[in-house]
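# Reading the structure
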Amino acid sequence: MSTPLTHPDRLLPADSGVRRIARSLLELVQDLPIISPHGHVDAAVIEQNTPFPDPAALLVSPDHYVTRLIHADGVPMDQLHASETENSREVWRRFVEAWPLFEGTASGYWLRTQFEQVFKLGADLSVMSADASYDAISAKLVEPDFRPRQLFKDFNIEVLATTDDPLDNLASHKALTEDPTFNGRVLPTFRPDAYLNIAHPTWASNVERLIETAADGGTGYAGYMAALENRRRYFVEHGAVSADHGVRTPATLKLDDAEAEALFEKARAGNATVADRDAFEAHMMYQMARMSVEDGLVMTIHPGSYRNHHGPTFEQFGADTGHDIPFAINYTEAIRPLLQDFGTAKDFHLVLFTLDETVFSRELAPLAGFYPSVYLGAPWWFLDAPDAMLRFRSAVTETAGFSRSSGFIDDTRAFCSIPARHDASRRIEASFLARLVAEHRISEDRAHELILDVVDGSPRRVFKL
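We now turn to the structure provided with this report. (Residues numbered from 1 in each chain as written. Predicted model: local features only at pLDDT ≥ 70, side-chain atom pairs only at ≥ 80, totals over all residues. Heavy atoms only, no water.)

Across its full length, the chain holds 20 helices and ten strands. Relative to the 2.2 N^0.38 estimate, which gives 23 Å for 465 residues, the radius of gyration of the chain is 23 Å and therefore close to what a compact globule would have. With respect to the three principal axes, the spread of C-alpha positions in the chain is 70 × 60 × 50 Å. Within the span of the chain, comprising 465 residues, buried residues form 54% of the whole. Charge-centre separation for the chain: the mean point of 44 positive side chains lies 4 Å from the mean point of 67 negative side chains. (Helix = DSSP H or I, 4+ residues; strand = E, 2+ residues; numbered from the N terminus. Rg over C-alpha atoms; globule rule 2.2 N^0.38 Å. Buried < 20%, exposed > 50% of the residue type's maximum accessible area, 1.4 Å probe, protein only. Lys, Arg positive; Asp, Glu negative; His and termini not counted. Charge placed at Lys NZ, Arg CZ, Asp CG, Glu CD.)

Reading across from one edge, β4-β5-β6-β9-β10 is the order of the five strands in this open sheet, with parallel pairing throughout. Each end of this open sheet is capped by a strand with a single partner; those strands are β4 (189–190) and β10 (374–376). Pairing of strand β9 (residues 350–352) with β10 involves three bridges; the strand directions are parallel. In the strand pairing of β10, Leu352 is matched with Leu376. (Pairing = 2+ DSSP bridges.)

Here we come to a negative patch on the surface. A cluster of acidic side chains, namely Asp256, Asp257, Glu259 and Glu261, defines a negative patch on the protein surface. Looking at the secondary structure, you find Glu261 in helix α13 (residues 257–268). (Patch = residues over 30% accessible without salt bridge, like charges linked within 9 Å, V, L, I, M, F, W, Y side chains within 5 Å. Areas by Shrake-Rupley, 256 points an atom, 1.4 Å probe, with all protein chains shown as cover. Salt bridge = Lys/Arg side-chain N within 4 Å of Asp/Glu carboxyl O.)

Interhelical geometry of helix α6 (residues 106–118) versus helix α19 (residues 418–438) gives an angle of 120° and a closest axis separation of 9 Å. The handedness of the crossing between α6 and α19 comes out as right-handed. Here Tyr109, Trp110 and Thr113 of α6 come into contact with α19, specifically with Ala420, Arg421, Asp423, Ala424 and Arg427. Taken together, the residues of the contact of α6 with α19 break down into four nonpolar, one polar and three charged. (Axes fitted to C-alpha atoms, helices over the stretch in contact; angles between N-to-C directions. Left-handed = near helix turned anticlockwise from the far one by under 90°. Contact = heavy atoms within 4.5 Å. Nonpolar A, V, L, I, M, F, W, Y, C, P; charged D, E, K, R; others polar.)

Moving on, we get to the packing of aromatic side chains. The full count for this structure, using the stated rule, is 29 aromatic pairs. Through a chain of ring-to-ring contacts, three or more aromatic side chains come together here, namely Trp92, Phe95, Trp99, Phe102, Phe115 and Tyr134. The aromatic ring of Tyr234 is capped on one face by Arg231, whose charged end is 4.2 Å from the ring centroid. Positioned over the ring face of Tyr375 is Arg404, at 4.3 Å from the centre of the ring. (Phe/Tyr/Trp six-rings, centres within 6.5 Å; stacked < 30°, edge-to-face > 60°. Lys NZ or Arg CZ within 6 Å of the ring centre and 35° of its normal.)

Along the chain, the position of Arg23 falls in helix α1 (residues 16–29). Note on Arg23: relative accessible area 38%, which makes it partly exposed. Along the backbone, Arg23 and Ala434 are 411 residues apart, and their C-alpha atoms lie at a distance of 8.7 Å. Leave out the neighbours within four places in its chain, and Arg23 touches Asp9 and Leu12.

Backbone geometry at Lys120 places phi at a positive 60°, although glycine is not the residue there. Judged by relative accessible area, Lys120 falls into the exposed class, the value being 55%. Although it is not a glycine, Trp381 sits at a positive phi angle of roughly 60°. With respect to the secondary-structure elements, Trp381 resides in the loop between β10 and α18 (386–400).

In C-alpha cells form, the structure reads like this:
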C-alpha cells in the first residue's frame, strides 16, 4: 500500500479530472535531468567524493529548517548540534521525538521523501524505532554506492551551482571539470556579500585581503573595484554563470567615484554610520550590475531577511542557525536606479527573489513584465513549500506569464534533499497548469509545451546554460 509520499499522485490536485491532466504533464518532466543553478553544496565534497557523516550531522544539525522548529518546541539548541560522533545518536533521538512537529511543513515533506526514496526506510519515524532508523541510515552511509559522485549520477543532476567566496581558488571546480570520470557540471557562483557589506564583522580584513590578492598593485577604492572585477573574471574563466547577492534590501544607488571613495575610506577607518553602510552597499549593488553587463554573469538578488535575529543564539552557535526572519521590502523604488541604466542592457539577466510574497503581484511581476533584463526568482527559503509555490504561480502568471521566471531554485545545503525538492516543484507546476487546462484557459497541448519550458528551458535560458 502506498504511503502519502510514495503515492504517485502526491501533491497533485484532489479533483480527479484535473489530476488526470496533471499526471500527463508530470510524465513529461518527471525524469528530466535536474538543473540546479543556485545552491550551497560544497564542491569539495563532490570532488573528493567524501563519505557523508552520521545521520544527525547529515540531516539534523546543519539544517536550520529542522533545528528552528524543534528549538521552538523548547529544546535547547546545544542539544541539536552533533559536533561529536558520541552525541550524534542522542541528537537523532531528539529529532525523532520532535518528528510529529513537521507534519504539514515543507521540511517534513522533503525529509520523509528522503527517508523513503533515498534511504529506503520501511516505516515512518517513531520514538520506539529511533535507534533502528539511526542504524539503518548509518549502514546506508557507509555503502560504496552512497558517495556523492554516485548519488550525483543517481539523482540525475546535470548542473549543480555552488556558492563561493570571491577569493576561493576554485580548485575543486577545476578538478571536476578536468576529471574524465565525472560527467556532470559543478559551477562556481560569485558571492561577494562579505566584501560589499560594511556591517559584516570581517569586512575590513576581507577588503584588505582582496586588494592585496587581486588588485594588480592598485590601492584604495580604485584597487578595490579592480580586484572585484578581476575576481569575477577569474570565476567566469572557471565556469561561473552567475553572481549572487544576499543583501538586506534590494536598494541600489549610483554614486560618483568621489562619493563612493569617501564612504569606502570612512568605513575602513571604522567611522561609517548605519546610513553610510546602507548607501555603500546600495552603490555596490549598482556596480555589480554594471559589472554583470560587462562580464555576462547573471545577477541574482536575495533580499529581505533579518539575519541573526536572536543575538544570544548567534553569539553561541553562529550564523545560519534558524533565526533569520523575513521582513517586508520595497522593490519598485529600490531597484529603479539600477534598472534606469541597465534594465534594457543587451544580454543582462537580473533574477529577483523575495521572502515577502506581497510583492509577487504588486511589484515583481510588473517589473518582469516590462524590463527585458528582469526574471522572477522561484519561491525561496520560507516560500519554497507546495502551497507557497502555487501562490507564486497564481500571483505572477497573469501579469508576467511563464517565460519570465527562473525555473526552480533549490537553494539547499542538504545534498540528499535535491531530488525531493525538484520533484515537488515539478508536481506543483503540473498541478497549476492542469487547473488552467481544466478551466479551458489554455489547451492541453500548450500546457505540455509550457511545463517542458518551465522545468528545463527556463533555467537553461535565464542562467545562460
